[in-house]
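For reference, the chains in residue letters:
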Amino acid sequence: MAFENIELWWVTGAQLLYGGDAVVKVDAHSKEMVEGLNASGVLPIKVVYKGTANSSREVEAVMKEANNDPRCVGVITWMHTFSPAKMWIHGLQQLRKPLLHFHTQYNAEIPWETMDMDFMNLNQSAHGDREFGHICARLNVRRKVVVGHWKDKAVLEKIAVWSRVAAAWADAQDMLVIRFGDQMNNVAVTDGDKVAAEMQLGYHVDYCPVSELMEYHKKVADEDVQALFDIYLSTYDFDPAIADASTPEHRSVWNAAKAELALRACLRDKGAKAFTTNFDDLGTDDINDPHFEGFDQIPGLASQRLMAEGYGFGAEGDWKSAALYRTLWVMNQGLPGGCSFLEDYTLNFDGNESSILQAHMLEICPLIAENKPRLEVHFLGIGIRKALTARLVFTSNPGQGITATIVDMGNRFRLIVNDVECLKSKPLPKLPVASALWKPMPDFATGAGAWILAGGTHHSCFSYAITSEYWDDYAEMAGIEMLHIDKDTTIENFKKEMRLNEVYYMLKK
Ligand code: MN
C-alpha cells in the first residue's frame with residue numbers, strides 16, 4: 001500500500017530548433033517510453049508523462065507543479081536532443097523533489113544503412129543529456145544518473161531502486177516520530193540534533209509523556225484485549241501456560257495485548273509513523289498504588305508487531321533509528337525478505353567465521369523470522385519494573401543483507417552502511433529473545449573496525465533485499481554523508497575517505 005496514490009513524473013527536454021514536427025514525434029516517442037516503463041512490471045510506482053518542455057518558462061512551470069503536487073514523489077528527465085540547458089536553470093533551482101536523469105535514447109541500435117538527419121534530430125540524447133548533465137553539475141543539483149536503453153530490465157531495476165527511495169523520502173517529509181519517555185540517560189550515539197534532523201531529513205520528533213499514553217491505556221476495552229489475545233494465539237506458536245487463564249504467563253500476555261492497543265491508538269491519534277520507548281518510563285511508578293496505571297514491563301511484543309506493520313521503532317529513545325526503520329520499511333515493501341531494528345549484542349570469535357549476534361531485550365521485527373515466531377513469557381530484570389513479559393522468539397534467515405545507521409557528527413549526519421552475511425543462528429534457551437547472526441563484510445575485524453572508526457551505533461536497521469544502491473540514493477536525496485563498508489573496504493582507505501569527508505563537510509558549511 002506504500003506505493004499507491006503516488007507518481008513519478010517524466011519530463012522530456014526538447015526545443016523547437018528542428019521544427020514542431022520533430023517535437024510531435026518526440027512527444028509520441030516519450031509516451032511510448034513511459035508506457036513501456038509502466039508495462040515492464042519492474043517499477044513499483046506509476047510513471048506519468050508530463051510532456052515535452054521546450055523553453056525556460058515550460059521547464060519552470062512543470063517543476064513548480066511537481067513541487068506542489070503531493071502525488072509526485074520524484075521527477076525523471078530525459079533530453080531527446082540538445083535541450084539548451086540554460087533553459088533548465090530556473091526550473092532546477094526551484095525543484096524540491098528528487099531528480100533522476102535518465103540517459104537513454106528512443107532508438108536502440110544504429111540503423112547504419114538508413115540513418116539520415118531526420119533520424120539524428122530524434123535521437124540526440126548522446127549530446128543532449130551531456131548538456132543537461134553540465135547544468136546539473138554547475139548548479140550542484142543532487143540527482144541520480146541512470147544510463148541505458150529504456151527497454152533493458154537491468155536499467156529499469158536502477159530506476160525501481162530510486163523509485164522506492166523516492167517514495168520513502170516523501171514518506172519521511174511528513175513523518176512524526178513520537179518518543180514515549182526520553183533517551184536512555186547518558187547515551188550519546190542515539191541522541192542528536194532534532195532541529196537539524198527536521199531540516200535535513202524531513203521528519204519531526206515529538207515527546208509524549210507516558211502519562212498521556214496511560215490515558216489511552218485506561219480506555220482499552222477488555223473485549224478488545226481478548227480479541228487481540230486470540231489473534232496472538234492463532235498467529236504464533238506459544239507456551240501452553242499462556243492459554244491457561246490462571247497463570248501469570250496468561251496475565252502477562254493479556255497485559256501485552258492491552259499495551260499494544262494503547263500504543264496503536266495513541267500513535268493513530270497523533271498521526272505518528274514511528275516511536276521510541278524507554279524501559280525506565282512505564283507509567284505510574286508504584287504498582288501497589290490503587291490508582292496504578294502503567295505497563296508491567298516494556299511493551300516489547302507491541303513494538304515487535306508494530307514494526308511489522310510499518311511503524312518505525314527505536315529502543316531507549318533512539319529516534320534516529322525509529323525514523324530510519326520506517327524509511328527502510330517503506331523501501332522494502334513487496335521485496336523478498338523482511339527488515340528489522342537490531343542491536344549488536346555479543347561477539348562470537350571463531351576465526352574466519354567470527355560473527356556478531358544481533359538481538360535486543362525484546363524488540364526484533366518478526367518480518368525477518370525464518371520460522372513461525374513463538375510467543376513466550378519470561379522474566380526481564382532491567383528497567384524500573386522487573387517482571388514477566390511477553391515477546392516473540394525466533395531465529396532469522398541466513399543470507400546476504402545490509403544494515404544501516406545514522407549518527408549526528410555535530411556538523412552533519414553520517415549514514416553508515418555495512419553489507420553483512422547472515423549465518424544460521426541457534427536458539428538461545430537461557431536468553432529467549434529473537435536474534436540474527438552475521439559476519440560484517442569484508443570480514444569481522446575490518447567490518448566491525450570500520451563501523452567503530454566511523455562512530456556507528458550499536459543499533460541499526462537491517463534488510464535482506466535492500467542494497468547499498470538504495471542507501472546511496474537516500475544519502476543523495478538527503479544530502480548527507482554516506483560511508484559504505486563492503487567487500488572491498490580496507491581500514492587504510494576507509495580512514496582516508498573519512499578524513500577527506502571531514503574536509504569536504506567543513507568547507508561545505
Ligand atoms: Mn538498545
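Check the entry above for the structure.
Please read all numbers here as calculations on a predicted model, not as lab measurements.

(A) Representation of the nonpolar core. If you look at the biggest cluster of nonpolar residues, it comprises 123 residues, and the most contacted ones within it are Trp10, Phe180, Leu415, Trp471 and Tyr474. Residue contributions to this core peak at twelve residues, all from helix α6 (residues 153-173). Aside from chain neighbours lying at most four places away, what touches Trp471 is Leu324, Leu328, Met331, Ile402, Ala404, Leu415, Val417, Ile466 and Met482. Counting 20 residues, the second largest nonpolar core, distinct from the first, contains Val62, Ala66, Leu95 and Ile135.

(B) Focus on the pairing of strand β15 (residues 399-408). Of all ten residues that make up β15, seven are buried, and the element is covered over most of its length. Pairing of β15 with strand β16 (residues 413-422) involves ten bridges; the strand directions are antiparallel. Paired with Ile402 across the strands is Asp419, a residue of β16. Linking two consecutive strands that pair antiparallel, namely β15 and β16, is a turn of four residues; a positive phi of about 100 degrees is found at Gly410 within it. In this structure, β15 lies alongside strand β18 (residues 459-463), joined through three bridges in antiparallel fashion. When the sheet's bridge partners are listed, Ile402 is paired in β18 with Ser463.

(C) Quick look at the packing of aromatic side chains. The tally for this structure, following the rule as stated, stands at 14 aromatic pairs. Pairing Phe349 with Phe444 gives two aromatic rings, centres 5.4 Å apart and planes at 85 degrees, and the pair type is edge-to-face. Of this pair, Phe349 sits in the loop between β11 (339-348) and β12 (355-359) while Phe444 is found in helix α14 (residues 444-453), placing the two residues 95 residues apart along the sequence. Using a relative accessible area of 62% as the deciding quantity, one classes Phe349 as exposed. Ring geometry for Tyr504 against Tyr505: centres 4.8 Å apart, planes inclined by 90 degrees, an arrangement best described as edge-to-face. Put simply, the rings of Phe180, Phe275, Phe313 and Phe341 touch in pairs and so form one group of aromatic residues. The ring of Trp9 carries Lys50 above its face, with NZ or CZ at 4.1 Å from the centroid.

(D) The arrangement of the side chain of Asn278 in detail. For Asn278, the position within the fold is in the loop between β9 (274-276) and α12 (300-309). One polar contact links the side chain of Asn278 to the main-chain amide nitrogen of Asp280, over a distance of 2.8 Å. When neighbours within four sequence positions are excluded, Asn278 is seen to be in contact with Phe180, Asp182, Gln183, Met184, Ile298 and Glu316.

(E) Molecular detail of the coordination of the manganese ion. Bound to the manganese ion are the protein donor atoms Glu316 (OE), Glu343 (OE), His360 (NE2) and His459 (NE2), situated 2.0 to 2.2 Å from the metal. Between consecutive donor residues of the manganese ion, the sequence gaps follow E-x26-E-x16-H-x98-H. In this pair, Glu316 is assigned in the loop between β10 (312-314) and α13 (319-331) and His459 in strand β18, connecting sequence segments 143 residues apart. Residue classification places His459 among the buried residues on the basis of a relative accessible area of 0%.

(F) Layout of helix α8 (residues 210-219). Val210, Leu213, Met214 and His217 are the residues of α8 that are buried. Along the long axis of α8, the arc covered by the buried residues comes to 105 degrees, so they all point the same way. Set apart from the buried face of α8 by more than 90 degrees, the exposed residues are Ser211 and Lys219. Residues of α8 that are buried sit in contact with β6 (176-180), β7 (204-208) and α11 (248-270).

(G) Region of the structure containing the sheet that holds β9. If you trace the four strands from one edge of the open sheet to the other, you get β7-β6-β9-β10, paired in parallel fashion. For this open sheet the edge positions go to β7 and β10, each flanked by a neighbour on one side alone. Sheet twist, expressed as the mean angle between neighbouring strand axes with direction ignored, is 20 degrees. Pairing of β6 with β7, which is carried by five bridges, proceeds in the parallel orientation. Directly across from Ile178, in β7, lies its bridge partner Asp206. Set on the sheet, α11 makes contact with β6, β7 and β9; between it and β6 the angle comes to about 140 degrees.

(H) Quick look at a nonpolar patch on the surface. Among the surface-exposed residues, Ile110, Trp112 and Met115 lie close enough to one another that they form a single nonpolar patch of about 340 Å² accessible area. Following the sequence through the fold, Ile110 ends up in the loop between β4 (99-103) and α4 (117-122).

(I) The arrangement of unusual backbone geometry in detail. The omega torsion across Met441 and Pro442 is 0 degrees, close enough to zero to call that bond cis. Residue placement: Pro442 occurs in the loop between β17 (435-440) and α14. A positive phi angle, near 65 degrees, is found at Asn5, a position not held by glycine. By the element assignment, Asn5 lies in the segment before β1 (7-13). The class of Asn5 is exposed, set by a relative accessible area of 69%. One non-glycine residue, Asn186, adopts positive backbone phi at about 75 degrees. Residue Asn186 is classed as exposed on the basis of its relative accessible area of 81%.

(J) Inspection of the sheet that holds strand β5 (residues 144-147) at higher detail. On the basis of which strands lie adjacent, the open sheet formed by five strands has the order β2-β1-β3-β4-β5 and parallel pairing. With partners counted over all chains shown, the strands left at the sheet margins are β2 (46-53) and β5, one partner each. Averaged over all adjacent pairs, the angle separating strand axes in this sheet is 25 degrees, with direction ignored. One ladder, built from six bridges, connects β1 with β2; its direction is parallel. The residue of β2 that forms the bridge with Gly13 is Ala53.

Conventions we followed
- Residues numbered from 1 in each chain as written.
- Predicted model: local features only at pLDDT ≥ 70, side-chain atom pairs only at ≥ 80, totals over all residues.
- Heavy atoms only, no water.
- Core = buried A, V, L, I, M, F, W, Y, C linked by side-chain atoms within 4.5 Å.
- Buried < 20%, exposed > 50% of the residue type's maximum accessible area, 1.4 Å probe, protein only.
- Helix = DSSP H or I, 4+ residues; strand = E, 2+ residues; numbered from the N terminus.
- Contact = heavy atoms within 4.5 Å.
- Pairing = 2+ DSSP bridges.
- Phe/Tyr/Trp six-rings, centres within 6.5 Å; stacked < 30°, edge-to-face > 60°.
- Lys NZ or Arg CZ within 6 Å of the ring centre and 35° of its normal.
- Polar contact = N/O pair within 3.5 Å; in protein donor to acceptor, adjacent residues only side chain to side chain.
- Donors = N, O, S within 2.8 Å, 3.2 Å for Na, K, Ca; no water.
- Arc of directions from axis to C-beta.
- Axes fitted to C-alpha atoms, helices over the stretch in contact; angles between N-to-C directions.
- Patch = residues over 30% accessible without salt bridge, like charges linked within 9 Å, V, L, I, M, F, W, Y side chains within 5 Å.
- Areas by Shrake-Rupley, 256 points an atom, 1.4 Å probe, with all protein chains shown as cover.
- Salt bridge = Lys/Arg side-chain N within 4 Å of Asp/Glu carboxyl O.

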